[in-house]
Amino acid sequence: AAVMTLLGLHRLRLGGLQRRNRALRLEMEERRRAEGEAARLRRELEHVTRIATAGELATSLAHEVNQPLAAIVSNAEAGRRFLHLGEAVRSELEAIFGDIARQGQRASEVIQRLRAFLSKEPPQRHALDLNEVVRLVLPLVRREIEERRIRLLLDFSELPPVLGDRVQLQQVVVNLIQNACEALREAPGARRLLLRSRLAGSQVELAVEDSGPGVAAEVAATLFDPFVSTKGGGMGMGLSICRSLVESHGGTLVQESAAEGGARFVLRLPVASGAGGIA
Ligand code: ADP
């Protein structure tokens with residue numbers, strides 16, 4: 001009788017687990033669908049913005065704010081569905097809310113920077129550790145990296161501070177990582193994304209290198225110009241914004257071929273002179 005009871009309990013437990021797995025799988029599918037829909041809406045919005053805008057500023061704002069907003073919307077919808085299912089897994093919800101808060105924070109920082117720009121406030125210049133800027137950006141791109149099964153490799157050297165605007169430099173790094181993730185979307189074989197920092201003379205250097213197909217020959221020469229894109233719904237603003245942000249910091253942003261045929265973008269910033277502590 002004892003053995004039968006144990007067996008019965010075991011089966012009950014298995015059944016429960018299987019139901020839970022099924023619900024989770026359904027939920028993941030729903031979430032992917034919601035994200036696909038968000039991506040479609042984003043493309044549409046980008047298109048409308050392009051034809052209706054007054055200039056580069058509005059275009060750049062749409063580009064920078066759409067991304068976190070789409071992530072917020074799809075996260076919130078996924079969370080709501082979890083609740084409706086009555087299968088709310090605490091850790092999953094925690095991750096979703098964490099992501100919503102981070103992305104919301106990022107969107108509002110971008111807008112604050114824009115308002116500061118319009119009110120002609122001088123740009124902020126703080127002593128920053130570029131490694132820290134990159135680390136703070138990683139949670140924002142975590143999902144793209146995981147979904148595309150990209151192996152992220154970090155190779156950071158200790159760096160002296162640079163003088164810069166944290167949010168603007170984060171924008172640049174997010175853009176470079178997102179471009180790499182997009183390039184790796186269809187890449188066959190191992191998908192690698194390498195972020196490497198080092199000190200090179202009087203400059204701090206960050207290389208973002210992917211194992212994707214590399215930059216298409218037809219855009220190689222004009223990559224950093226506005227509206228140059230090989231993507232169906234792409235605005236082609238990302239790299240041009242990145243380069244002007246980096247140049248406003250006295251730095252450079254260039255593209256080189258990666259060792260394994262992919263693309264490699266290198267951001268260089270001058271070391272802060274007489275650098276004190278890091279803000
Ligand atoms: P968008 O992403 O809207 O196309 P960008 O200015 O960010 O605009 O990029 C311009 C173009 O540069 C892209 O359409 C793509 O062809 C190319 N590109 C950018 N990053 C990469 C990369 N990591 N690998 C291959 N091509 C890239």
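About the thresholds
- Every chain begins its residue count from 1, and numbering advances along the sequence as written.
- Per-residue local features of the predicted model are confined to residues with pLDDT of at least 70, and side-chain atom pairs are confined, for both listing and counting, to 80 or more; whole-chain, interface and lining totals are unaffected and use all residues.
- Side-chain metrics rest on all non-hydrogen atoms present in the structure, leaving aside hydrogens and water.
- In this description, a nonpolar core means a group of buried Ala, Val, Leu, Ile, Met, Phe, Trp, Tyr and Cys residues linked to one another through side-chain atoms lying within 4.5 Å.
- Here's how the labels work: a residue is buried when its accessible area is under 20% of the maximum for its type, exposed when over 50%, partly exposed in between, all with a 1.4 Å probe on protein chains only.
- To qualify as a helix, a DSSP run of H or I must reach at least 4 residues; to qualify as a strand, a run of E must reach at least 2; elements of each kind are numbered from the N terminus.
- Any two residues whose heavy atoms approach within 4.5 Å at even a single point are treated as in contact.
- When DSSP finds two or more bridges between two strands, those strands count as paired.
- Every case where a carboxyl oxygen of Asp or Glu lies within 4 Å of a side-chain nitrogen of Lys or Arg is listed as a salt bridge.

Let's talk about the nonpolar core
Right, so step 1: Counting 41 residues, the largest nonpolar core has Ile-177 and Leu-193 as its most contacted members.
Right, so step 2: Secondary-structure elements contributing two or more residues to this core are α4 (130–147), α5 (166–184), β4 (192–200), β5 (203–210), α6 (238–248) and β7 (263–270).
Right, so step 3: Per element, the largest residue contribution to this core is nine residues, and it comes from α5.
Right, so step 4: Discounting chain neighbours no more than four positions away, the residues touching Leu-193 are Ile-145, Ile-150, Arg-151, Leu-152, Leu-153, Ile-177, Ala-180, Val-208, Glu-209 and Asp-210.

Points about the environment of Ala-216
Right, so step 1: Relative to the elements of secondary structure, Ala-216 occurs in the loop between β5 and α6.
Right, so step 2: Residue classification places Ala-216 among the partly exposed positions, given a relative accessible area of 27%.

Examining the pairing of β5
Right, so step 1: In terms of burial, β5 is largely enclosed, as seven of its eight residues are buried.
Right, so step 2: Where β4 meets β5, eight bridges bridge the pair, whose relative direction is antiparallel. Looking at β5, one finds that Ser-197 is bridged to Leu-206.
Right, so step 3: Here seven bridges tie β5 to β7, and the two strands are oriented antiparallel to one another.

Concerning the pattern of salt bridges
When the charged atoms of two side chains lie near each other, side chains of opposite charge can form a pair.
Right, so step 1: With the rule as written, the count across this model stands at 18 salt bridges.
Right, so step 2: A salt bridge links Glu-35 to Arg-143, with the nearest nitrogen and oxygen atoms 2.3 Å apart. Residue Glu-35 is found in helix α1 (residues 2–52), and its partner Arg-143 is found in helix α4; the two are separated by 108 residues along the sequence.
Right, so step 3: On the basis of relative accessible area, Glu-35 is assigned to the buried category, the value being 17%.
Right, so step 4: The class of Arg-143 is buried, set by a relative accessible area of 15%.
Right, so step 5: One salt bridge connects Glu-205 with Arg-198, and the closest N-O pair in it is separated by 3.1 Å.
Right, so step 6: On the basis of relative accessible area, Glu-205 is assigned to the buried category, the value being 5%.
Right, so step 7: Since its relative accessible area comes to 41%, Arg-198 is described here as partly exposed.
Right, so step 8: Bridged by salt links that share partners, the residues Glu-35, Asp-99, Arg-102, Arg-142, Arg-143 and Glu-146 form one connected network.

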